[in-house]
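Residue-level listing of the chains:
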Number of protein chains: 2
Amino acid sequence: MSDFNITALLPHLHAITGPDFVFTDDETRTRYGHDETEDFSFPPNVVVKPGTPQEISAIMQLANEYKIPVVPIGARTGLSGGALSIYGGIGLSMERFTKLEIDEKNLQAIAEPSVITQVLREAAFEKGLFYPPDPSSQGSCSIGGNIAENSGGARAVKYGVTKDYVLNLEVVLPNGDIIWTGANTLKNSTGYNLTQLMVGSEGTLGIITKIVLKLIPKTSHNVLMLIPFFKAGQACEAVAEIFRAGIVPSALEFMERDAIDWGLKYLDNTSLNIKPEVQAHLLVEVDGNYPDVLFAEAEKIMGVVEQFEIDEILFADTEDQKNALWKLRRTVAEAVKSNSIYKEEDTVVPRYELPTLLDGIKRIGSKYGFQSVCYGHAGDGNLHVNIIKGNMTDENWLVEVPKGIREIFELTVSLKGTLSGEHGIGYVQKNYMDIAFPDANLQLMKGIKQLFDPNNILNPGKILPDNL
Amino acid sequence: MSDFNITALLPHLHAITGPDFVFTDDETRTRYGHDETEDFSFPPNVVVKPGTPQEISAIMQLANEYKIPVVPIGARTGLSGGALSIYGGIGLSMERFTKLEIDEKNLQAIAEPSVITQVLREAAFEKGLFYPPDPSSQGSCSIGGNIAENSGGARAVKYGVTKDYVLNLEVVLPNGDIIWTGANTLKNSTGYNLTQLMVGSEGTLGIITKIVLKLIPKTSHNVLMLIPFFKAGQACEAVAEIFRAGIVPSALEFMERDAIDWGLKYLDNTSLNIKPEVQAHLLVEVDGNYPDVLFAEAEKIMGVVEQFEIDEILFADTEDQKNALWKLRRTVAEAVKSNSIYKEEDTVVPRYELPTLLDGIKRIGSKYGFQSVCYGHAGDGNLHVNIIKGNMTDENWLVEVPKGIREIFELTVSLKGTLSGEHGIGYVQKNYMDIAFPDANLQLMKGIKQLFDPNNILNPGKILPDNL
């Protein structure tokens, strides 16, 4: 941790938020020093919990004066280290920003950033409305973090990602200015799109304090099926074929055999009886308001996947069965984590390239000596690659694995894909950015960062490579 | 027009594109000096028609050296003057960029910017795919222009606007660098979103040379109905109610009585017999693959609108009837233009605020003595306001009308709306930008422009207010 004159800063912070919301004890700093990324711990020097945009504005002005880093911290469920205080400084916890309003007249949600995503989705649902983005961590992640990372989730394949629902943002800029980025409208061609520049900027360009989201009418029915494939590559191939048959599923998830086995073991779930020869599963959902239509679509999907080597399809008939399947899918990362330290990559390619990507990952894993568990949002071409440390030596983990990751990303980009589909670049992927972008792009990104934050005090050391 | 040393430039331009693609004759310059915005004429000093991104790169390097403006010119159907060479210079016609490829495997289109939007939509349709954005000018506008202005259209209400379909862009930057802004993926959380920064930037940050678009499976059926309202305000109110009933129409268009009358007259169409008391119409479409579902949704919509004072609903039963209704809707601007010089504003508000906006526009018109014809994409809260010059004196047109427009925009912004939903700011709205944004936002936009284009040579004098 860097050595800032925190002591000099404290009276000012006390004056801004009141002393009850300023913490320097080890326990608090440690708690706010990690997220869900690997086993990292980067405690801030001081944790502050402001209550208003004006307080944040005052903190930013102070931080500029003292040239001290400020890192916005949300629910700390991130997988790219975006909320880690890698240079210490002020950890700015947004946890007091939890107001939520559903505007039924305009089909909008007005949320503060620490509203838990699932809380928002349920509040909308109660009013007959739907906020589709549903990251696996929806029960614990916050909407502000979703916007910072441009999160996706299982329903993105039909409904789009977080960015597609963000209409307007109240933001405290690094210099303390408080702005709205746009308007509360569905269409907007009024100047450069500052809203979309903020989405996915991982807390490096401004601190989001209020969010206007588009909602849509909710759908009343869905059909969920689990399709076991005897060949993992064929499961990937089937993904593109389902779309080519004219169907847009509301979810289309891929799980390697290992992923489902780890999940079942972790959940102590013995209800699924999977043949040893099964190599992968697709979890496919269609949704809508007319059950007959959904059954017709499910039949079409069956027609498509029966061209491949599959075992018997499992239909989830009850809400309990559906929840159990979704829980299994959402638990994979946690299950892997409970077994071993791991690195999670978030590769994304055009949908049709998925089999090539999966093959390549396994080949690269053999070359560099690591095991990987792959699963993810196959409908979007978004494959999560969990690289397991297991019994690997620290040296291999720190030297060989990054070489393999670099090769995986090179493959991804050669397939016209990119590094991250929904987790962000943050701390852990920044030094791979040269694979995705030539210097011209990186210089533009650096210029944007400098324009917003000339003193480089807001979440420094994220997104942009160290040597830029 | 400014006085650049075009003569010195010409041999260089000849060397870059070959002399066959460089034009200095009056006729060509005049032709490329206007778009569909009012009656403006701003001819460039020279029109160049490059054939490759590399040629454009060389032109930009030359223009930087000579400090001469370059204005990208597409199909010249714009309504905000974005393609006008207001300071003369090089008019860069993109008309040779017309290649189009439909990638059926990944459900993507790869288009050069001068592909006509309707050509792209039809090419996708032939492969069973759908590119939803459909500006009224789709038969003559180009996809590059659509991206520059972030165009919408009637189907945006269900399917979103241009920005929601742009995955990746090849762009020549003002300094001549040729970059891809992102990746060909449906999800992307890899650095600042340069793609979305480019969309809607009206040719001021870079010149788009290739576009990767998302396509979706096409729908096979639709139902179209025209609903006459005895009160215009109630037609606006019905818009929000249709959504609150859980329906997402694929189009929901509003036309004032005057708009439909002008359209009918212009088309010499006598088939629609509209009662004198009818003040406005909603044109409502639902689409999908299952006719039974569409009829059920149409019945729901009838249930909603019957709560208001309406005349008999007209269902378009045949393709011919549907085409006739759409032609009527799309012709309104042309019909108004054939009668009088007019200014077209592109106001947008949250959907529920539409009746308040319409009321306010009429009130402001009375105050400043102008007639307006209002119509547009009511489902998005996007109301086009055609302000008719008619017999107004030039002084009133130049002095009083802008005051009225300013008041309309102030009303729009007070309703949490903004200046432009889909036409862009360009030349004609730039000096109203202070209404939509405080100085902090405008300074950021100016900073972004300076970052991309330090010599301010690419489409100068657009978007940002003159006094910034």
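In this text the structure is predicted, and so the values were computed from the model without any measurement. (Residues numbered from 1 in each chain as written. Chains lettered and ligands numbered in written order. Predicted model: local features only at pLDDT ≥ 70, side-chain atom pairs only at ≥ 80, totals over all residues. Heavy atoms only, no water.)

Mapping B:Asp380 onto the fold places it in the loop between strand S17 (371–377) and strand S18 (382–388). The exposure class of B:Asp380 is buried, given its relative accessible area of 3%. A polar contact of 3.2 Å, which involves the side chain of B:Asp380, links it to the side chain of A:Lys187. (Helix = DSSP H or I, 4+ residues; strand = E, 2+ residues; numbered from the N terminus. Buried < 20%, exposed > 50% of the residue type's maximum accessible area, 1.4 Å probe, protein only. Polar contact = N/O pair within 3.5 Å; in protein donor to acceptor, adjacent residues only side chain to side chain.)

For the rest of this paragraph, the subject is the relation of the copies chain A and chain B. Relating one copy of the chain to the other takes a rotation about an axis and a shift parallel to that axis. Each copy of the sequence occupies a distinct position, and chain A is placed on chain B by a rotation of 180 degrees and an axial shift of 0.0 Å, giving an RMSD of 0.0 Å. What the rotation and shift describe, once combined, is the action of a two-fold rotation axis. Take the interface residues of chain A: 100% of them recur as interface residues in chain B, which is what a same-surface contact looks like. (Least-squares fit on C-alpha atoms with pLDDT ≥ 70 in both. Contact = heavy atoms within 4.5 Å.)

Attention shifts here to the packing of helix H9 (residues 257–267) of chain A against helix H11 (residues 319–339) of chain A. All names here are of chain A. Interhelical geometry of H9 versus H11 gives an angle of 85 degrees and a closest axis separation of 7 Å. The angle between H9 and H11 places the two elements in the roughly perpendicular class. Residue-level contacts link Ala259, Ile260, Trp262, Gly263, Leu264, Lys265, Tyr266 and Leu267 of H9 to Lys327, Leu328, Thr331, Val332, Glu334, Ala335, Val336, Ser338 and Asn339 of H11. (Axes fitted to C-alpha atoms, helices over the stretch in contact; angles between N-to-C directions. Parallel < 35°, antiparallel > 145°, perpendicular 65-115°, else oblique.)

Each partner contributes to the interface: chain A provides 82 residues, whereas chain B provides 82 residues. At the boundary of chain A with chain B, total buried surface from both sides reaches about 6,500 Å², with 64% on carbon and sulfur atoms. On the chain A side of the contact with chain B, A:Lys187, A:Ser189 and A:Tyr192 bury the most area, a combined 15% of that side's loss. Seen at the junction of chain A and chain B, the total is four salt bridges. (Buried area = accessible area lost by both parts, 1.4 Å probe. Salt bridge = Lys/Arg side-chain N within 4 Å of Asp/Glu carboxyl O.)

Residues and elements named next belong to chain A. Using the criterion set out here, one finds four cavities of 30 Å³ or more in the structure. Of the pockets and cavities examined, the second largest cavity occupies roughly 70 Å³. What lines the second largest cavity is Glu36, Thr37, Glu38, Leu79, Tyr342, Lys343, Glu344, Glu345, Val428 and Gln429. In terms of residue class, the lining of the second largest cavity is made up of three nonpolar, two polar and five charged. When residues are assigned to domains, the lining of the second largest cavity turns out to be shared by domain 1 (6–93) and domain 3 (221–414), each giving three or more. (1 Å grid on protein atoms, 1.4 Å probe; cavity = no way out; pocket = protein on both sides within 12 Å on 5 of 7 lines; lining within 4 Å. Points joined across faces, edges and corners; volume = space filled by probe spheres on them. Nonpolar A, V, L, I, M, F, W, Y, C, P; charged D, E, K, R; others polar. Domains from an automatic or database assignment.)

Time to look at the domain arrangement of chain A. Residue and element names in this part refer to chain A. Here chain A is described as being made up of domain 1 (6–93), domain 2 (100–217) and domain 3 (221–414). Put simply, the middle of domain 1 and the middle of domain 3, counted by C-alpha atoms, are 37 Å apart. Between domain 1 and domain 3, the contact holds five residues from the first and five residues from the second. Between domain 1 and domain 3 the total buried area reaches about 450 Å² when both faces are included, carbon and sulfur atoms providing 42% of it. Inspection of the domain 1/domain 3 interface yields two salt bridges. For the salt bridge of Glu36 with Lys337, the shortest nitrogen-to-oxygen distance reads 3.2 Å.

Between two packed helices, the angle of one axis relative to the other and the distance separating the axes together describe the packing. All names here are of chain A. Two numbers describe how helix H8 (residues 232–244) lies on helix H10 (residues 291–305): the axes approach to 9 Å, and their chain directions differ by 135 degrees. Here H8 is positioned oblique relative to H10, judged by the angle of their axes. For the crossing formed where H8 meets H10, the hand is right-handed. Seen from H8, the contacting residues are Ala238, Glu241 and Ile242; seen from H10, they are Ile301, Val304 and Val305. Among the residues making up the contact of H8 with H10, the classes are represented as five nonpolar, no polar and one charged. (Left-handed = near helix turned anticlockwise from the far one by under 90°.)

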